Amino acid sequence: MENRPLVILGSNRKNSLTEAITRKALKQKEFDLIDLLDYEIAHYNYDAHYPVGDQFDEVISQVLLYDNLIFATPVYWYSMSGVMKVFFDRLTDLITIQKDTGRQLHGKNAIIIAVGADPEIPEGFEIPFKHTAAYLGINYQGCTYYPTKS
Ligand SMILES: Cc1cc2nc3c(=O)[nH]c(=O)nc-3n(C[C@H](O)[C@H](O)[C@H](O)COP(=O)(O)O)c2cc1C
């Protein structure tokens, strides 16, 4: 198990503000980073059978190596990015067709870094993260919001 936290980056562009701000925020810390844009992750499909044939499993195998996860996402339309949401939807696989893998998420810690243009984080932004973490047995440890126009 790695001691460093793993950043799971969910911007919809490379060289994003979310990445730059996350790197700056974690400057004093060592961390590893996985950019969801570098992986082909299919939308959740009700009719999918295992193996799905994309790179979701590859990402999850990486994630399982870490106890401390940092989800870094831009705020798009008052919510997490589409890239991050596609990843979250696929977590469904871990409570359906890959339950053994899903159980390995129990006890991990997660924090959120959110980056948006508005001065305040949108109302309710944290709710999907909080509830998803609780559902999967992950300890949700809060969200830090970085407005880009402060
Ligand atoms: C599709 C889209 C939707 C956005 N919606 C919001 C929003 O609802 N609230 C907000 O504060 N900023 C919003 N923004 C601004 C971005 O959150 C902001 O520019 C952020 O720094 C972009 O980070 P990125 O470089 O990782 O994409 C939006 C930007 C885009 C492209």
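Reading guide: rules and limits
- Within each chain, residues carry numbers counting from 1 in the order of the written sequence.
- For a predicted model such as this one, the threshold for reporting local features is a pLDDT of at least 70, and the threshold for listing and counting side-chain atom pairs is 80 or more; totals across whole chains, interfaces and linings nevertheless cover every residue.
- The basis for the side-chain values is all heavy atoms of the structure; hydrogens and waters are excluded.
- Relative accessibility thresholds used throughout: buried, under 20% of the residue-type maximum; exposed, over 50%; partly exposed, between the two (1.4 Å probe, protein chains only).
- Helical segments are the DSSP runs of H or I of at least four residues, strand segments are the runs of E of at least two, and each set is numbered from the N terminus.
- Any two strands with at least two DSSP bridges between them are considered paired.
- Think of it like this: strands point away, you trace from the first strand over the helix to the second, and a clockwise trace means the crossover is right-handed.
- Should any heavy atoms of two residues lie within 4.5 Å, those residues are considered in contact.
- We call a residue near a given molecule or strand whenever any one of its heavy atoms falls within 4 Å of it.
- The term polar contact refers here to a pair of N or O atoms within 3.5 Å; inside protein, the definition further demands a hydrogen-donor-capable atom paired with an acceptor-capable atom, and it admits residues adjacent in sequence only when both atoms are side-chain atoms.
- Only Asp, Glu, Lys and Arg are considered charged, only Ala, Val, Leu, Ile, Met, Phe, Trp, Tyr, Cys and Pro nonpolar, and every remaining residue, Gly among them, polar.
- For this analysis, a nonpolar core means a set of buried residues of the types Ala, Val, Leu, Ile, Met, Phe, Trp, Tyr and Cys, connected via side-chain atoms within 4.5 Å.

Can you help me understand the pairing of strand 4 (residues 109-116) in this one?
Successive side chains on a regular strand alternate, one facing one side of the sheet and the next facing the other. The buried count for strand 4 comes to 7 of 8 residues, which makes it a mostly enclosed element. Bridging between strand 3 (residues 68-74) and strand 4 involves 7 bridges; their strand directions are parallel. Within strand 4, the position partnered with Ala 72 by the bridge is Ile 113. Summarising the sheet, strand 4 and strand 5 (residues 139-147) pair through 7 bridges and their orientation is parallel. Across the sheet, the residue bridging to Ile 113 is Thr 144, located in strand 5. In this fold, the crossover linking strand 4 to strand 5 by way of helix 5 (residues 127-136) has right-handed handedness.

Which parts of the structure should I look at to understand helix 1 (residues 17-25)?
For an α-helix, the turn length of 3.6 residues means that residues three or four places apart are oriented alike. If you check which residues of helix 1 are buried, you get Thr 18, Glu 19, Ile 21 and Thr 22. Lining the buried residues of helix 1 we find strand 1 (6-9), strand 3, strand 4 and strand 5.

Can you walk me through the site of the ligand in this structure?
Every one of the 16 residues lining the ligand counts as a neighbour, but Ser 11, Thr 18, Val 75, Tyr 76 and Tyr 78 are closest to it. For the ligand, an oxygen atom lies 2.8 Å from a polar atom in the side chain of Arg 13. A distance of 2.8 Å separates an oxygen atom of the ligand from a polar atom in the backbone of Leu 17. Elements represented by at least two residues in the shell around the ligand include exactly helix 1 and strand 4. Here the shell around the ligand is built from residues that sort into 9 nonpolar, 5 polar and 2 charged.

Would you mind showing me how to read the nonpolar core here?
Nonpolar side chains in soluble globular proteins tend to end up buried together. With 32 residues, the main nonpolar core has Ile 8, Leu 36, Leu 69, Phe 71, Phe 87, Phe 88 and Leu 91 as its most contacted residues. Those elements that provide at least two residues to this core are strand 1, helix 2 (56-63), strand 3, helix 3 (82-90), strand 4 and helix 5. Sorting elements by how many residues they give to this core places helix 3 first, with 5 residues. Ignoring any residue separated from it by four or fewer positions in sequence, one finds Phe 71 in contact with Ile 8, Met 84, Phe 87, Phe 88, Ala 110, Ile 111, Ile 112, Ile 113 and Phe 129. Counting 9 residues, the second largest nonpolar core, distinct from the first, contains Phe 31, Ile 70, Ala 72 and Val 115.

The values are spatial; any link to function lies outside them.
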